[in-house]
Amino acid sequence: MSEPLMVVKDLKKYFKVAGGVVHAVDGVSFTLNEGETLGLVGESGCGKSTTGRVILRLTEPTSGSVTYKGQDVLALQGREMAAMREEMQMIFQDPFSSLDPRKTVGGTIGKPLYIHKVGTRAERERRVEELMDFVGLSPQLYNKYPHELDGGRRQRVGIARALALKPNFIVCDEPVSALDVSIQAQILNLLSELQERLRLTYLFVSHDLSVIRHLSDRVAVMYLGKIVELAATRDLFGNTLHPYSQALLSAVPIARLRRRRERIILTGGVPSPINPPSGCRFRTRCRHEMPLCAEQEPPLTDRGGGHFVACHLEN
Ligand code: SF4
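Take the overall build of the protein chain next. Within the protein chain one finds 12 helices and 12 strands. Taken against the 2.2 N^0.38 rule, which gives 20 Å for 315 residues, the C-alpha radius of gyration of the protein chain at 20 Å falls within 12% of a compact globule. Across its three principal directions, the C-alpha atoms of the protein chain cover 65 × 45 × 45 Å. For the protein chain, the residues scored as buried account for 50% of the 315 residues in total. A separation of at least 24 residues holds for 64% of the contacts in the protein chain among residues at least 6 apart in sequence.

Let's shift gears to helix α4 (residues 105-115). When we look at burial in α4, the residues that qualify are Val105, Gly106, Thr108, Ile109, Gly110, Pro112 and Leu113. Tucked inside the fold, the buried residues of α4 contact α5 (121-134) and α6 (151-163). Immediately beyond the C-terminal end of α4, within one or two residues, lies Lys117, with a positive phi of roughly 50 degrees.

Another point: the packing of α6 against helix α7 (residues 181-198). Closest axis-to-axis distance for the α6/α7 pair is 10 Å, and the angle between their directions is 20 degrees. Judged by the inter-axis angle, α6 sits roughly parallel to α7. Crossing angle aside, the handedness with which α6 passes α7 is right-handed. Facing Gly152, Gln155, Arg156, Ile159 and Leu163 of α6, the residues of α7 in contact are Ile183, Gln186, Ile187, Leu190, Leu191, Leu194 and Leu198. Grouping the amino acids of the contact of α6 with α7 by side-chain chemistry returns 8 nonpolar, 3 polar and 1 charged.

As a further point, take the site of the ligand. Around the ligand, the structure places His242, Pro243, Cys280, Phe282, Arg283, Cys286, His288, Cys293, Pro298, Cys311, His312 and Leu313. Taken together, the residues of the shell around the ligand sort by class into 8 nonpolar, 3 polar and 1 charged.

Turning our eyes to something else, we now look at a nonpolar patch on the surface. There is a patch of nonpolar side chains on the surface, built from Phe15, Val17 and Ile274 and spanning about 210 Å² of accessible area. Within the secondary structure, Ile274 sits in the loop between α11 (254-257) and α12 (291-295). Here Ile274 falls in the partly exposed class, since its relative accessible area comes to 32%.

The element strand β3 (residues 37-41) is extensively covered by neighbouring structure, given that 5 of its 5 residues are classed as buried. Residues Thr37, Gly39 and Val41 line one face of β3 and the alternating positions Leu38 and Leu40 line the opposite face, and both faces are buried. As paired strands, β3 and strand β8 (residues 201-206) are joined by 5 bridges and run parallel to one another. Following the sheet pairing, Gly39 is matched in β8 by Phe204. Here β3 pairs with strand β9 (residues 218-223) via 4 bridges, running parallel. Bridging from a neighbouring strand, Leu40 pairs with Ala220 of β9.

About the criteria used
- Residues numbered from 1 in each chain as written.
- Predicted model: local features only at pLDDT ≥ 70, side-chain atom pairs only at ≥ 80, totals over all residues.
- Heavy atoms only, no water.
- Helix = DSSP H or I, 4+ residues; strand = E, 2+ residues; numbered from the N terminus.
- Rg over C-alpha atoms; globule rule 2.2 N^0.38 Å.
- Buried < 20%, exposed > 50% of the residue type's maximum accessible area, 1.4 Å probe, protein only.
- Contact = heavy atoms within 4.5 Å.
- Axes fitted to C-alpha atoms, helices over the stretch in contact; angles between N-to-C directions.
- Parallel < 35°, antiparallel > 145°, perpendicular 65-115°, else oblique.
- Left-handed = near helix turned anticlockwise from the far one by under 90°.
- Nonpolar A, V, L, I, M, F, W, Y, C, P; charged D, E, K, R; others polar.
- Near = heavy atom within 4 Å.
- Patch = residues over 30% accessible without salt bridge, like charges linked within 9 Å, V, L, I, M, F, W, Y side chains within 5 Å.
- Areas by Shrake-Rupley, 256 points an atom, 1.4 Å probe, with all protein chains shown as cover.
- Salt bridge = Lys/Arg side-chain N within 4 Å of Asp/Glu carboxyl O.
- Pairing = 2+ DSSP bridges.

By themselves, these are just geometric observations and shouldn't be taken as functional.
Okay, structure coming up:
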């Protein structure tokens, strides 16, 4: 098997706040193969978006490593980092707030080309037109402003902008959660088509399990800054092993997962990431908690066939 495109090892991001230190991402490790989609799912505040931002160095990590095509991303500076930014892009959650209201569609999509000094002005304009065609935007929208577009078209602009520099790797950060349900499927299908056509690799961040299931080859479930389960999508949904993943899946409407499940109600809120529980972080909400769970943190171990679980239960 070929080398993974990306290797993330023991990635940590802590933020100092008034009450202490937030352990937003706390030792996350995974690999990504070329052309695959890894879904990163969990409740709001679990650290999934921060993981994506740290990998792209939109925010600097506290520690850990990110290797992309054999290069240490976190050590790159200046021109080398600028070159890496052409390879690694992001599609943001809210297309409205991620677009400059004073810039036209053409200006927005062409901005990365301008910043990275790609081609002549005429060549950049041609590339913008090509990108608009790629993402299904009519050429008549070239001189329109974000407020003149609906949510779906705004997100298409965000996608075209992310594709401008011909990246290989894209972090999709909740790209459909701000859109109407009717538009969501169109954008998800577009992302799938683009992936196939351009052989893109996605880290797909979402709180929505049905969206994650639709698009991902493998899924990582995050809880309080850590991955608790990681497996091929079929295994994760067909043979869910971690009690937190089981609870998350049980909350998805049955019709959407086409399978009858017992609803597991999680009691209590997510504990503070400033002072997470000892041992297993999920233990304060876990119906299987045992004394060992408070004493030892369960390591993320392979239960066979690349199905990783961090739990002391042997299921
Ligand atoms: Fe529950 Fe213990 Fe497993 Fe944590 S380690 S998920 S508390 S059984």
